[in-house]
Amino acid sequence: RIYRVVRGELDLLLVRDAGGNTRMILGMADDGPAITMLDAKGKLRANIGVTDRGPELDFLDATETSRVQILLDENQVPHLNLLDNKGVQVSFRP
């Protein structure tokens, strides 16, 4: 089921499963559009967005800690960031 939520200038589309739990949110962030995906427990698990720099993809663990990020930086150089559960980052780029 898809629901539209409008609060002031905030306009979101919510996709809910058969149990009524929100599983996907489509909306506009401050820096561009985003799609957020939640697991069955309502935890944020994946996010894809587009900013002025370009697309960004973020995968989060069960504690909603970012673990994998794929993005383009301000020079359009691709990055693959792997993070441990403490947020320590290892970046790969050409």
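Residues numbered from 1 in each chain as written. Predicted model: local features only at pLDDT ≥ 70, side-chain atom pairs only at ≥ 80, totals over all residues. Heavy atoms only, no water.

### Concerning the pairing of strand β4 (residues 32-38)
So, step 1. Note that strand β3 (residues 22-29) and β4 share six bridges and pair antiparallel. Bridging across to β4, M24 finds its partner in M37.
So, step 2. Linking β3 to β4, which pair antiparallel, is a turn of two residues.
So, step 3. Where β4 and strand β5 (residues 44-50) come together, five bridges link them in antiparallel fashion. The partner of T36 across the bridge, within β5, is N47. (Pairing = 2+ DSSP bridges. Helix = DSSP H or I, 4+ residues; strand = E, 2+ residues; numbered from the N terminus.)

### Here's the deal with unusual backbone geometry
So, step 1. Even without a glycine there, the phi angle at E64 is positive, about 65°.
So, step 2. Looking at the secondary structure, you find E64 in the loop between β6 (55-60) and β7 (66-72).
So, step 3. Positive phi outside glycine occurs at Q76, with the angle close to 65°.
So, step 4. Along the chain, the position of Q76 falls in the loop between β7 and β8 (78-83).

### A short note on the sheet that holds strand β9 (residues 89-92)
So, step 1. Strand order in the open sheet made by the nine strands is β1-β2-β3-β4-β5-β6-β7-β8-β9, with antiparallel pairing throughout. The two strands at the open ends of the sheet, each matched to only one other strand, are β1 (2-7) and β9. Taking the axes of each pair of neighbouring strands and ignoring which way they run, one obtains an average angle of 15° across the sheet. (Axes fitted to C-alpha atoms, helices over the stretch in contact; angles between N-to-C directions.)

### Some details on the environment of N85
So, step 1. The topology assignment puts N85 in the loop between β8 and β9.
So, step 2. For N85, a relative accessible area of 55% translates into the label exposed.
So, step 3. Residues N85 and T63, spaced 22 residues apart in sequence, show a C-alpha to C-alpha distance of 9.0 Å.
So, step 4. Every residue in contact with N85, bar those within four places of it in the chain, is listed here: T65 and R67. (Buried < 20%, exposed > 50% of the residue type's maximum accessible area, 1.4 Å probe, protein only. Contact = heavy atoms within 4.5 Å.)

### Let's talk about the pairing of β6
So, step 1. As judged from the five bridges shared by β5 and β6, these two strands associate in the antiparallel manner. Residue pairing for β6: G49 is matched across the bridge by E56.
So, step 2. Hairpin connection, β5 to β6: the antiparallel pair is bridged by four residues, and G54 has positive phi, about 145°.
So, step 3. Of the strand pairs in this sheet, β6 and β7 are connected by five bridges, and their pairing is antiparallel. The residue of β7 that forms the bridge with F59 is V68.
So, step 4. The hairpin turn running from β6 into β7, its antiparallel successor, is five residues long, and E64 in that turn takes a positive phi close to 65°.

### Concerning a nonpolar patch on the surface
So, step 1. Together, I70, L80, L82, V90 and F92 give the surface a local cluster of nonpolar side chains, amounting to about 390 Å² of exposed area.
So, step 2. Of all elements in the fold, only β8 and β9 reach the threshold of two or more residues within the nonpolar patch.
So, step 3. With respect to the helices and strands, L82 occurs in strand β8.
So, step 4. We classify L82 as partly exposed; its relative accessible area is 36%. (Patch = residues over 30% accessible without salt bridge, like charges linked within 9 Å, V, L, I, M, F, W, Y side chains within 5 Å. Areas by Shrake-Rupley, 256 points an atom, 1.4 Å probe, with all protein chains shown as cover. Salt bridge = Lys/Arg side-chain N within 4 Å of Asp/Glu carboxyl O.)

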